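Coordinate analysis (summary)
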Amino acid sequence: MERRRSLPDVLAGGVFVLIGGAFVVGSLDYELGTPLRMGPGAFPLLVGGIVATLGLAIVGKGLVAGEVISFGSIPWRAVAVITLAILFFGFTVRRLGFVPTSAVTALLTTLASSRVRLLTAVAVTVGLTVASTLIFIVGLQLRIPLWGPWLGS
């Protein structure tokens, strides 16, 4: 009987363990509180522990009963464009404003796929920008300017 291992499951589980572990370690800098009066470190500790535990389960599954799956080609264009979009949003949302930053980020992530046409990308950009503005600015009342100082507001 041959033991099958799944490298993608082991790698993905390892990433979950690392991320969960980072949250656990980061939460230890905050007060944990008591079960009835939880402090600011309790929730990240709990979530990090759950994520790390799920990661260990995925690693175990990958080592014991994994499917043999080969990696396909890595879509480097999508990886680069989505990484660029996330960095763009993080660095410009306070200076450019929520609406233009969300629009550029949505457009970049939509164009990460080589199969999307420009008209579809623009439609998705408009829809995501309106939806995110309604959710985060109107609904959740985040204190981020709609138009930032770089645009003269």
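Described below are features of the structure shown in this document. (Residues numbered from 1 in each chain as written. Predicted model: local features only at pLDDT ≥ 70, side-chain atom pairs only at ≥ 80, totals over all residues. Heavy atoms only, no water.)

Here the phi dihedral of glutamine 141 falls at roughly 55°; this positive angle occurs in a residue that is not glycine. Locating glutamine 141 in the fold gives a position in the segment after α5 (118–139). (Helix = DSSP H or I, 4+ residues; strand = E, 2+ residues; numbered from the N terminus.)

Relative to the assigned elements, glycine 72 resides in the loop between α2 (42–64) and α3 (76–96). C-alpha of glycine 72 to C-alpha of phenylalanine 16: the two residues are 56 residues apart in sequence and 21 Å apart in space.

Following both chains from N to C, one finds helix α4 (residues 98–110) and α5 inclined at 140°, their axes separated by 8 Å at the closest point. Accordingly, the angle class assigned to the pair α4 and α5 is oblique. You can see that α4 and α5 cross each other, and the crossing is right-handed. Residues Phe98, Val99, Ser102, Ala103, Ala106, Leu107 and Thr110 of α4 pack against Ala121, Val124, Thr125, Leu128, Thr129, Ser132, Thr133, Phe136 and Ile137 of α5. Looking at side-chain class alone, the contact of α4 with α5 contains 10 nonpolar, 6 polar and no charged residues. (Axes fitted to C-alpha atoms, helices over the stretch in contact; angles between N-to-C directions. Parallel < 35°, antiparallel > 145°, perpendicular 65-115°, else oblique. Left-handed = near helix turned anticlockwise from the far one by under 90°. Contact = heavy atoms within 4.5 Å. Nonpolar A, V, L, I, M, F, W, Y, C, P; charged D, E, K, R; others polar.)

Below, the discussion takes up the packing of aromatic side chains. Inspection of the entire model under this criterion finds 2 aromatic pairs. Ring geometry for phenylalanine 89 and phenylalanine 98: centres 6.3 Å apart, planes at 85°, overall edge-to-face. Phenylalanine 89 sits in the partly exposed class, given a relative accessible area of 27%. In this structure phenylalanine 98 comes out as buried when scored by relative accessible area, which is 4%. (Phe/Tyr/Trp six-rings, centres within 6.5 Å; stacked < 30°, edge-to-face > 60°. Buried < 20%, exposed > 50% of the residue type's maximum accessible area, 1.4 Å probe, protein only.)

Locating valine 15 in the fold gives a position in helix α1 (residues 7–27). Looking at valine 15, the relative accessible area reads 45%, which means it is partly exposed. Taking C-alpha positions, valine 15 is 36 Å from leucine 119, a pair spaced 104 residues apart along the chain.

Counted by the stated rule, this structure contains 1 salt bridge. Aspartate 9 serves as the salt-bridge partner of lysine 61, at 3.0 Å between the closest nitrogen and oxygen. Of this pair, lysine 61 sits in helix α2 while aspartate 9 sits in helix α1; the two residues are 52 residues apart in sequence, bridging distant segments of the chain. (Salt bridge = Lys/Arg side-chain N within 4 Å of Asp/Glu carboxyl O.)

With that out of the way, let us pick up the packing of α3 against α4. Axis separation between α3 and α4 bottoms out at 8 Å; the angle between their running directions is 175°. The orientation of α3 with respect to α4, classified from their angle, is roughly antiparallel. Side by side, α3 and α4 meet where Val81, Ile82, Ala85, Phe88, Phe89, Thr92, Val93 and Leu96 of the first sit next to Phe98, Pro100, Thr101, Ser102, Val104, Thr105, Leu108 and Thr109 of the second. Looking at side-chain class alone, the contact of α3 with α4 contains 11 nonpolar, 5 polar and no charged residues.

Turning to α2, a few remarks are in order. The terminal C-alpha atoms of α2, which comprises 23 residues, lie 33 Å apart, in line with the 33 Å expected from a rise of 1.5 Å per residue. Of the residues making up α2, those classed as buried are Ala42, Gly48, Ala52, Gly55, Val59 and Gly62. Against the buried residues of α2 lie α1. (Expected span 1.5 Å × (residues − 1).)

It is worth spelling out a nonpolar patch on the surface at this point. Among the surface-exposed residues, Leu118, Val122, Val126, Val130, Leu134 and Val138 lie close enough to one another that they form a single nonpolar patch of about 550 Å² accessible area. Tracing the sequence through the fold places valine 138 in helix α5. Accessibility expressed as a relative area gives 52% for valine 138, which makes it exposed. (Patch = residues over 30% accessible without salt bridge, like charges linked within 9 Å, V, L, I, M, F, W, Y side chains within 5 Å. Areas by Shrake-Rupley, 256 points an atom, 1.4 Å probe, with all protein chains shown as cover.)

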